[in-house]
Amino acid sequence: MGLADASGPRDTQALLSATQAMDLRRRDYHMERPLLNQEHLEELGRWGSAPRTHQWRTWLQCSRARAYALLLQHLPVLVWLPRYPVRDWLLGDLLSGLSVAIMQLPQGLAYALLAGLPPVFGLYSSFYPVFIYFLFGTSRHISVGTFAVMSVMVGSVTESLAPQALNDSMINETARDAARVQVASTLSVLVGLFQVGLGLIHFGFVVTYLSEPLVRGYTTAAAVQVFVSQLKYVFGLHLSSHSGPLSLIYTVLEVCWKLPQSKVGTVVTAAVAGVVLVVVKLLNDKLQQQLPMPIPGELLTLIGATGISYGMGLKHRFEAGAPSGPQHPAVLKARGQRLHHRCGWVCHCHLTGEDLRPEELVALGLSNLIGGIFQCFPVSCSMSRSLVQESTGGNSQVAGAISSLFILLIIVKLGELFHDLPKAVLAAIIIVNLKGMLRQLSDMRSLWKANRADLLIWLVTFTATILLNLDLGLVVAVIFSLLLVVVRTQMPHYSVLGQVPDTDIYRDVAEYSEAKEVRGVKVFRSSATVYFANAEFYSDALKQRCGVDVDFLISQKKKLLKKQEQLKLKQLQKEEKLRKQAASPKGASVSINVNTSLEDMRSNNVEDCKMMVSSGDKMEDATANGQEDSKAPDGSTLKALGLPQPDFHSLILDLGALSFVDTVCLKSLKNIFHDFREIEVEVYMAACHSPVVSQLEAGHFFDASITKKHLFASVHDAVTFALQHPRPVPDSPVSVTRL
């Protein structure tokens, strides 16, 4: 593209207004390069397939350097710790670690309730996995530990395998808690094994199938599940254990039914703790710039509630009490068939929203695997704690190690103080911390304005998770989102393109009023790739947008040609009959000599046979001549047959949206070439990417009738060539076998 009169300096042209620049372009607009079809482009650019690298060969190499590299890859602490800048980073990591520990202490205790475990096991899960991640993790800013969504999923498993009561009869709480700890720790080991295995085979890409609306809808529904699960602690109720679909509905109905049985002291304790936590969070938000670190409202609430409970002897009234002291490694018992089918979904949910580099997945897997041996339940990274760790000056994984050591100190020296911690306070901490996830309910309003399809994914995910529980809800959400992608590719935007005046840009004529179709040329484009699910829709839309009933013209043409052929055959038969009659004399009688010799009969038979063969040859020649005549341009054209002709002689398929082709796409393109050539319209393709061209070649798309001369580098090249050659491409047959 060039300008004949724009030979001055670029600075001068830059001073021109937009209108003057456009007028300047309109004076002389032309192409400064030759038209390029695919053959010319490959020759000019020296196109060749990219060389393949066999990375599996490097994986199988065995050497000392390779072993050392693998060690550093999977134990990154050996890489960054010797280079740790103590003077620059240690103070920030120390303050950050203490801040995260202060936040993680109450959350660990509270989230253990979500998992259906005694609160102190939340502290174990805040120490062992965090320290393991310090050794194997690669991220310098994320905080690993207990997480609300993970905890409630663990709770759904523990409550189903070790229920609160059987047939409305109370069971031994000590035995129940021991069974639930065994289930949770076994689950942690299995989750860790899954994560390590998936990390080693680089399987973290599966998280890409979980879109952001799906994840946000799922976490919002999980927050509702968490909120409902804490109502029994807020009101001091004893509820039956519900699991499976509609369990949330049953729990809400039971809470409403037993609401008159609420304990006033428990409700007041939860309300006061909740008000204090909300006020402290509001102060932190308001004084964020003035405070060096957030006010530890959760820790202060825990200390105050524990002191009041201990001083007033409210331990039994508030159902408080937890074992203290670190746990030794335990031999895990296999939980059988009912557990393993849950692990896959817990692990899968664990992958949402995290850094899923293979090294990170292996590090998280080892944290859960080793943590499960020490009777921890599965953990994940927390967004809120990660934000605190980064904002308070955290520079490396040392901050996580400091927070884990602080938790260890609490377990060893101060753990016995939590015997008097009211569970209502922990429930209040959980509910207040759900504020961020429950705010995601406002996504419905923003998605309604931005993207209705994403809103549909959000609503289906939220509803399915509420009604079917967390595991089945996630399955339904993933399947629905994938099906919606297929449906959206089946209904792309089809458009006929026109040329924007004085440019080589082509846009939809329905959207751009100044874009005009090039006379005699139709340019068609789809906004999605063509594959088996939408290939038929693509062909139908193409024929509809072209304004020509292609199928009707082809059928009428075949009928007329067949009728024309039959008439010619009848005429030839009639002429042959008249010729035979003219060859025999009129009024001549035929007599048969009985005494004719055998030789005469044979000679007569031979002559008769020759006459029949000659007549047959003449008939076949006549038929062949008739067929050739029917295919001749003067007899088989639409105009000669009296059929309406299309108002364009060339069709250009803009295939720039194609990312891949399958066999159905190849067949569909072949049929488009065949059908439009039947109605005397030549077809070209434009703007194919190199991988698509390679797939076309591999699928044997190009042959004697469709060559790379029909494929152009751009739409403008194809349009220019079509205007210069209104007839089919020279030296290429017009007929193509329809598939």
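Residues numbered from 1 in each chain as written. Predicted model: local features only at pLDDT ≥ 70, side-chain atom pairs only at ≥ 80, totals over all residues. Heavy atoms only, no water.

Q: I'm lost on the pairing of strand β11 (residues 682–686) in this one. Help?
A: The side chains of a regular strand alternate, first on one face of the sheet and then on the other. Across the five residues of β11, five count as buried, placing the element largely inside the fold. Residues Glu682, Tyr684 and Ala686 point to one face of β11 and Val683 and Met685 to the other, with burial holding for every one of them. Pairing analysis gives five bridges linking strand β10 (residues 650–654) to β11, with the strands arranged parallel. Bridge pairing links Leu651 to Val683 in β11. With helix α30 (residues 663–678) bridging β10 and the parallel β11, this β-α-β connection has right-handed handedness. Direction of pairing for β11 relative to strand β12 (residues 711–712): parallel, over a ladder of two bridges. Of the residues in β12, the one forming a bridge with Ala686 is Phe712. Following the chain from β11 across helix α31 (residues 690–698) to the adjacent parallel β12, one finds a crossover that is right-handed. (Buried < 20%, exposed > 50% of the residue type's maximum accessible area, 1.4 Å probe, protein only. Helix = DSSP H or I, 4+ residues; strand = E, 2+ residues; numbered from the N terminus. Pairing = 2+ DSSP bridges. Right-handed = clockwise from strand over helix to strand, strands pointing away.)

Q: I'm lost on the nonpolar core in this one. Help?
A: Nonpolar side chains in soluble globular proteins tend to end up buried together. Counting 70 residues, the largest nonpolar core has Leu105, Leu109, Leu123 and Leu426 as the members making the most contacts within it. Those residues in contact with Leu109, other than ones at most four positions away along the chain, are Pro119, Val120, Leu123, Leu302, Phe418, Leu421 and Leu426. Judged by nonpolar contacts, the second largest core, of 39 residues, contains Val550, Leu638, Leu651 and Val681. (Core = buried A, V, L, I, M, F, W, Y, C linked by side-chain atoms within 4.5 Å. Contact = heavy atoms within 4.5 Å.)

Q: Quick question: what am I supposed to make of the packing of aromatic side chains here?
A: For any pair of aromatic rings, the description rests on two quantities: the centre-to-centre distance and the angle between the ring planes. Per the counting criterion, the structure on display carries 19 aromatic pairs. Pairing Tyr494 with Phe524 gives two aromatic rings, centres 5.8 Å apart and planes at 15°, and the pair type is stacked. Here Tyr494 is found in strand β7 (residues 494–499), whereas its partner Phe524 is found in strand β9 (residues 521–526), with 30 residues between them in sequence. Given the relative accessible area of 1%, Phe524 is considered buried. (Phe/Tyr/Trp six-rings, centres within 6.5 Å; stacked < 30°, edge-to-face > 60°.)

Q: Sorry, what's going on with a nonpolar patch on the surface here?
A: Taken together, the side chains of Leu200, Ile201, Phe203, Phe205, Tyr209 and Leu482 make up a nonpolar region of the molecular surface, amounting to roughly 590 Å² of accessible area. Tracing the backbone shows Tyr209 in the loop between α11 (173–200) and α12 (212–229). Assessed through its relative accessible area of 46%, Tyr209 is described here as partly exposed. (Patch = residues over 30% accessible without salt bridge, like charges linked within 9 Å, V, L, I, M, F, W, Y side chains within 5 Å. Areas by Shrake-Rupley, 256 points an atom, 1.4 Å probe, with all protein chains shown as cover. Salt bridge = Lys/Arg side-chain N within 4 Å of Asp/Glu carboxyl O.)

Q: How should helix α14 (residues 247–257) be read in this particular structure?
A: Note on helix geometry: an α-helix contains 3.6 residues per turn, so any two residues three or four positions apart are oriented the same way. If you check which residues of α14 are buried, you get Ser247, Leu248, Thr251, Glu254 and Val255. Buried residues of α14, seen end-on, are gathered within an arc of 125° and therefore sit on one face of the element. Along α14, exposed side chains directed more than 90 degrees from the buried face belong to Leu253, Cys256 and Trp257. Residues of α14 that are buried sit in contact with α12, α13 (231–235) and α24 (452–490). (Arc of directions from axis to C-beta.)

Q: It is not clear to me how unusual backbone geometry should be interpreted in this structure. Could you clarify?
A: It is generally the case that most residues other than glycine have a negative phi and that most peptide bonds are trans. Despite not being glycine, Gln375 has its phi angle at roughly 60°, a positive value. Checked against the element boundaries, Gln375 lands in the loop between α18 (358–373) and β6 (380–382). By relative accessible area, Gln375 is classed as buried at 17%. For Asp502, which is not a glycine, the phi torsion comes out positive at approximately 65°. Positionally, Asp502 belongs in the loop between β7 and β8 (506–508). Asp502 gets classed as partly exposed once you look at its relative accessible area, which sits at 30%.

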